[in-house]
Amino acid sequence: MRLALAWEVNVQVTRDMNAYAMPGGKIMVYSGLVERLKLSDDELASVLGHEIAHALREHSRERISRAYAQQLALAGVAAATGVSSGVVDLANMVATVTFQLPSVGRQESEADLIGLELMARSGYDPNASVSVWKKMMSTEGSRGPAEFLSTHPSPDTRIQQLEANIPKVMPFYRGAKR
Ligand SMILES: [Zn+2]
């Protein structure tokens, strides 16, 4: 099936720091992320590259259908066994740990790598992908990172993965005309 994406980047004016992709190519960037981290053009391109990659890979769709399947399975279990809602909550927690986390981790890692290539091919310095995360971590303690990290986990491993892959995309960056 061919993907028909209607790209649209929206900015929400807020002090919160976040960015996310919705199904179909709509991307939301919070102004707090850009302003409070004083993002350079290259750094903003890395955020957009990451979110564009989520949209290209249809991660939100995958995440929604997975969560839906999970709910259906749990409802089935509850109906069959007549267990109380408390037990279902526990089962839900287990399901979250076993299904959702590895999937989110894989999606984030995939979006980082695709985003890195996209930004490099568009003529933005891929090193900026690392500096965004370093800025994010240096604001630790404020409300922003906790929120952003709730949808974008484990900055340390991501920085490592990005650093390991920057040399591979540098030729694209050098060859790109802006
Ligand atoms: Zn992400």
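Look up a bit, the structure's there.
A brief look at the structure comes next. All values reported here derive from a predicted model rather than from experimental measurement. (Residues numbered from 1 in each chain as written. Predicted model: local features only at pLDDT ≥ 70, side-chain atom pairs only at ≥ 80, totals over all residues.)

1. Concerning helix H7 (residues 155-175)
Move 1: If you check H7, its first and last C-alpha atoms are 29 Å apart, about what 21 residues at 1.5 Å a residue would give, namely 30 Å.
Move 2: At Pro 167, H7 is deflected by roughly 50°, the largest bend along its length.
Move 3: Those residues of H7 that fall on the buried side of the exposure criterion are Arg 158, Leu 162 and Tyr 173. (Helix = DSSP H or I, 4+ residues; strand = E, 2+ residues; numbered from the N terminus. Expected span 1.5 Å × (residues − 1). Bend = angle between axes of the 7 residues up to and from the residue. Buried ≥ 20, exposed ≤ 12 C-beta atoms within 10 Å, placed from the backbone.)

2. Things to note about the packing of helix H5 (residues 128-138) against H7
Move 1: It is the contact of H5 with H7, at a shortest axis distance of 9 Å, that shows an interaxial angle of 160°. One element, H5, and the other, H7, form an angle in the roughly antiparallel class. In the packing of H5 onto H7, the handedness of the crossing is left-handed. Two secondary-structure elements touch here, H5 through Ser 129, Val 130, Trp 133, Met 136 and Met 137 and H7 through Pro 155, Arg 158, Ile 159, Leu 162 and Glu 163. (Axes fitted to C-alpha atoms, helices over the stretch in contact; angles between N-to-C directions. Parallel < 35°, antiparallel > 145°, perpendicular 65-115°, else oblique. Left-handed = near helix turned anticlockwise from the far one by under 90°. Contact = placed C-beta atoms within 7 Å.)

3. Some details on the pairing of strand E2 (residues 19-22)
Move 1: What you see with E2 is a clean split: Ala 19 and Ala 21 sit on the buried side and Tyr 20 and Met 22 on the side with no burial.
Move 2: Where E2 lies against strand E3 (residues 26-30), four bridges are found, and the strand directions are antiparallel. Bridge pairing in E3 links Met 22 to Lys 26.
Move 3: Hairpin connection, E2 to E3: the antiparallel pair is bridged by three residues, and Gly 24 has positive phi, about 95°. (Pairing = 2+ DSSP bridges.)

4. Quick word on the nonpolar core
Move 1: Ranked by size, the top nonpolar core spans 25 residues in total, and within it Ile 27, Val 29, Leu 33, Val 47, Ile 52 and Met 119 carry the most contacts.
Move 2: Among the elements of the structure, E2, E3, helix H2 (41-56), helix H4 (85-121), H5 and H7 are those that each provide at least two residues to this core.
Move 3: Ranked by the residues each element gives to this core, the list is headed by H2, at six residues.
Move 4: Here Val 29 is in contact with Val 9, Val 11, Ala 19, Val 34 and Val 47, once residues within four sequence places are set aside. (Core = buried A, V, L, I, M, F, W, Y, C linked by C-beta atoms within 7 Å.)

5. Digging into the sheet that holds E2
Move 1: Strand order in the open sheet formed by three strands is E1-E3-E2, with mixed pairing between adjacent strands. Single-partner strands in this sheet number two, and they are strand E1 (8-12) and E2. Pairs of neighbouring strands in the sheet enclose a mean axial angle of 20°, with direction left out of account.
Move 2: Here H2 sits on the sheet in contact with E1, E2 and E3, set at roughly 25° to E2.

6. Quick look at unusual backbone geometry
In terms of backbone geometry, most residues other than glycine have negative phi values and most peptide bonds are trans.
Move 1: Positive phi is not limited to glycine here, since Lys 38 has a value of about 45°.
Move 2: Tracing the chain through its elements places Lys 38 in the loop between helix H1 (31-36) and H2.
Move 3: A residue is classified by how many C-beta atoms lie within 10 Å of it, and Lys 38, with 8 of them, is exposed.

7. A few points about the packing of H2 against H5
Move 1: Contact geometry for H2 and H5: axes closest at 8 Å, N-to-C directions at 90°. Here H2 is positioned roughly perpendicular relative to H5, judged by the angle of their axes. Contacts between H2 and H5 involve Asp 42, Glu 43, Ala 45, Ser 46 and Val 47 on the former and, on the latter, Ala 128, Ser 129, Ser 131 and Val 132.
Move 2: For the contact of H2 with H5, the per-class residue count stands at four nonpolar, three polar and two charged. (Nonpolar A, V, L, I, M, F, W, Y, C, P; charged D, E, K, R; others polar.)

8. Things to note about the environment of Leu 5
Move 1: Topologically, Leu 5 is positioned in the segment before E1.
Move 2: By the C-beta count within 10 Å, which is 13 here, Leu 5 ends up partly exposed.
Move 3: Separated by 50 residues in sequence, Leu 5 and Ala 55 place their C-alpha atoms 8.2 Å apart.

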